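Listed here are the chains, written in short residue letters.
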Amino acid sequence: MNHNIPLAEKLRPKSLDNVLGQEHLTGKTGTIRKMIENDSLNSLILWGPPGTGKTTIAEIISEKSGRKFFKLSAVSSGVKDVRDVIEDAKKQNLFSGKSPILFIDEIHRFNKSQQDSLLHAVEKGWIVLIGATTENPSFEVVSALLSRSQMYILKQLTFEKLEELADIALKQFNADEKTDFSFADKQALIQYSGGDGRKLINSVELVLGQFKNSGKIEITNEDVLSVLQETMALYDKNGEQHYDIISAFIKSMRGSDPNGTVYWLARMIAGGEDIKFIARRMLILASEDIGLANPNALVIANSCFQAVNVIGNPESRILLSETAVYLAVSPKSNSTYSAINEALAFVKKTGNLPVPLHLRNAPTKLMKDLDYGKEYKYAHSFDGNFVDQDFLPEEIKDQKFYQPGNNAVEKKIYEELKKKWNDKY
């Protein structure tokens, strides 16, 4: 028995049947299983949270398909390493007739030039590329490489799957160490893992190792926490969690829920998110989702953005909380957001319609002779600083883009527009 091999490595599945939580890919009708069975392997990107089996699946594909396996880590490899592997793969291909697999872990860490260096080899079939990433490939993988690869999404392990994995790790540890440990509860272990299977197995090994000679058999949550110190909130400010949690934060404010708003804000602050990023997103929401229903929201959000730049952490959490709750409880309207989106879509559809002559600038005599600016009515020369005239091209003169929202402020705006424009509103 080699006690130097980490428990997570000992438990790495050797067949698709033993991969937990990814049955949509590895089950009897799973796409990856079918790919192996039909020997129809193409380049692919495995996208999923940490510890969900990306490397394991890549190694099983290599083993079951009978292909040579090259592995690089994007953290420590450069373009030269990629080219060296491609040259080795080309030679291997001559003898075996099957393109070797090049597995690149954390492929999102490759820059554009590094990713581009893979393109030719993938196109020529010298290698079958398998990239693993915790990041959204749409943001992190160049489009040319993405278009030549099939993307498969791995799911975060459920509580039940993590319980099953903890039992497997416990059984293996007991067999290796000739111990008889059991867990009174796996809640602390699973919470600490954050859904990462590898981290869970490492935690089991660490905790049980600490109590190996203590005479203790049943391990409680308190025992687990005494070793792991504290349960850390999972938040990767450079990864997918970054996008998911800011999305939850924005949707909580948009949905007028101050409790959800403060919770997701706390998750970001505890995870070390850039406070300016948070404040910037609140600025956008103040205009997009609150708008004219409460114009002060934009003023307050802008004040918050300016203030956190001056104050910094940890006091900025107070300003962010005040502003976020204010935005959450504010009345909502996306009327101006919808107006500009509709206008932009209309411009794309109708092209460059001519500016009506009466609205054109006439700085020269020639332009005046061509009737530029003729018949323009200066609003301030009329009662109430308003005069009925057309401000849109003739072809779309009755088109409406702004529709007042159903809130107190915009109801007044609607009445005023109706009074001025009669049948237009």
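Residues numbered from 1 in each chain as written. Predicted model: local features only at pLDDT ≥ 70, side-chain atom pairs only at ≥ 80, totals over all residues. Heavy atoms only, no water.

Engineer: When you look at helix H20 (residues 408-421) in this model, what are you seeing that I'm missing?
Structural biologist: What sets the pattern is the α-helix's 3.6 residues per turn: residues three or four places apart point alike. The terminal C-alpha atoms of H20, which comprises 14 residues, lie 20 Å apart, in line with the 20 Å expected from a rise of 1.5 Å per residue. Taken together, the buried positions of H20 are occupied by Glu410, Leu417 and Trp421. The buried residues of H20 occupy one face: seen down the axis, they fall within an arc of 15 degrees. Exposed and facing more than 90 degrees away from the buried side of H20 are Ala408, Lys412 and Lys419. Elements in contact with the buried residues of H20: helix H18 (335-350). Following H20 by one or two positions, Asn422 has its phi on the positive side, about 50 degrees. (Helix = DSSP H or I, 4+ residues; strand = E, 2+ residues; numbered from the N terminus. Expected span 1.5 Å × (residues − 1). Buried < 20%, exposed > 50% of the residue type's maximum accessible area, 1.4 Å probe, protein only. Arc of directions from axis to C-beta. Contact = heavy atoms within 4.5 Å.)

Engineer: Whenever I open this one, the pattern of salt bridges confuses me. Can you help?
Structural biologist: Taken as a whole and assessed by the stated rule, the structure comprises 23 salt bridges. We note a salt bridge from Arg12 to Glu59, for which the minimum N-O separation is 4.0 Å. Of this pair, Arg12 sits in the loop between helix H1 (7-10) and helix H2 (23-26) while Glu59 sits in helix H4 (residues 54-65), and the two are 47 residues apart along the sequence. Within this structure, Glu9, Arg12 and Glu59 form a network of salt bridges that share partners. (Salt bridge = Lys/Arg side-chain N within 4 Å of Asp/Glu carboxyl O.)

Engineer: Just to check I follow, could you spell out the packing of helix H16 (residues 296-311) against helix H17 (residues 316-329) for this structure?
Structural biologist: For any two helices packed against each other, the geometry comes down to the angle between their axes and how far apart the axes lie. Direction vectors running N to C along H16 and H17 enclose 170 degrees, while the axes themselves pass 9 Å from each other. Classified by the interaxial angle, the pair formed by H16 and H17 is roughly antiparallel. From H16, Asn296, Ala297, Ile300, Ala301, Cys304, Ala307, Val308 and Ile311 reach across to H17, where they touch Ser316, Leu319, Leu320, Thr323, Tyr326 and Leu327. (Axes fitted to C-alpha atoms, helices over the stretch in contact; angles between N-to-C directions. Parallel < 35°, antiparallel > 145°, perpendicular 65-115°, else oblique.)

Engineer: Would you explain the nonpolar core in this entry?
Structural biologist: Of all hydrophobic cores here, the largest spans 27 residues; its most connected members are Leu189, Val207, Leu208 and Ile219. For this core, the leading source of residues is helix H9 (residues 159-177), giving 6 residues. Once you skip the residues sitting within four places of it in the chain, Ile219 turns out to touch Phe181, Ser182, Phe183, Ala184, Asp185, Val207, Leu208, Phe211 and Val224. Grouped together as the second largest cluster of nonpolar side chains are 25 residues, Ile245, Met282, Ile290 and Phe305 included. (Core = buried A, V, L, I, M, F, W, Y, C linked by side-chain atoms within 4.5 Å.)

Engineer: So what exactly am I meant to see when it comes to H4 here?
Structural biologist: Relative to the 16 Å expected for 12 residues at 1.5 Å per residue, H4 spans 17 Å between its end C-alpha atoms, a close match to the ideal helical length. Counting buried residues in H4 gives 9 out of 12 residues, a clear majority hidden from the surface. Within the span of H4, buried status applies to Lys54, Thr55, Thr56, Ile57, Ala58, Ile60, Ile61, Ser62 and Ser65. In this structure, the buried side of H4 is in contact with H2, helix H3 (31-37), strand S1 (44-47), strand S2 (69-73), strand S3 (101-105) and strand S4 (128-133). Positive phi shows up at Gly66, right after H4, with a value of about 70 degrees.

Engineer: Would you explain the packing of H9 against helix H11 (residues 197-210) in this entry?
Structural biologist: Contact geometry of H9 with H11 gives a least axis separation of 10 Å together with a crossing angle of 40 degrees. With respect to H11, the axis of H9 lies oblique. Both H9 and H11 take part in a crossing whose hand is right-handed. Facing H9, whose interface residues are Leu162, Leu165, Ala166, Ala169, Leu170 and Phe173, H11 presents Gly197, Leu200, Ile201, Val204, Glu205, Leu208 and Gly209. (Left-handed = near helix turned anticlockwise from the far one by under 90°.)

Engineer: Where do I start with the packing of aromatic side chains in this structure?
Structural biologist: Here the structure, examined in full by the defined rule, presents 5 aromatic pairs. Both rings, one in Phe173 and one in Phe181, keep their centres 6.2 Å apart while their planes meet at 50 degrees; by these two values the pair is tilted. Of the residues examined, Phe173 reaches a relative accessible area of 6% and is grouped as buried. Taking the centre distance of 4.8 Å and the plane angle of 75 degrees together, the rings of Tyr263 and Trp264 count as edge-to-face. Taking the relative accessible area as the measure of exposure, Trp264 reaches 24% and is therefore partly exposed. Looking at Lys90, its charged tip hangs above the ring of Trp126, at a distance of 4.2 Å from the centre. Over the face of the ring belonging to Tyr372 we find Arg360, whose NZ or CZ atom lies 5.0 Å from the ring centre. (Phe/Tyr/Trp six-rings, centres within 6.5 Å; stacked < 30°, edge-to-face > 60°. Lys NZ or Arg CZ within 6 Å of the ring centre and 35° of its normal.)

Engineer: What's the story with unusual backbone geometry in this structure? I'm lost.
Structural biologist: Leaving glycine out, the prevailing phi sign among residues is negative, and the prevailing peptide bond configuration is trans. Despite not being glycine, Glu106 has its phi angle at roughly 55 degrees, a positive value. Its location among the elements puts Glu106 in the loop between S3 and helix H6 (112-124). Given a relative accessible area of 24%, Glu106 falls into the partly exposed group.

Engineer: Please explain the side chain of Thr52 as it appears in this structure.
Structural biologist: Along the chain, the position of Thr52 falls in the loop between S1 and H4. From its side chain, Thr52 meets the backbone oxygen of Pro49 in a polar contact 2.8 Å long. Those residues in contact with Thr52 that lie beyond four places of it in its chain are Gln22, Leu154, Lys155, Gln156 and Leu157. (Polar contact = N/O pair within 3.5 Å; in protein donor to acceptor, adjacent residues only side chain to side chain.)

Engineer: Explain the sheet that holds S1 to me, please; I cannot follow it from the model alone.
Structural biologist: In a beta sheet, neighbouring strands are held together by backbone hydrogen bonds and run either parallel or antiparallel to one another. Spatial strand order, S2-S3-S4-S1-S5: 5 strands in an open sheet with parallel pairing. A strand with exactly one partner marks an edge of an open sheet, and here the two such strands are S2 and strand S5 (150-153). The average undirected angle you get between the axes of adjacent strands in this sheet is 20 degrees. Sheet analysis places S3 next to S4, joined by 5 bridges and oriented parallel. Bridge pairing links Ile101 to Val128 in S4. (Pairing = 2+ DSSP bridges.)

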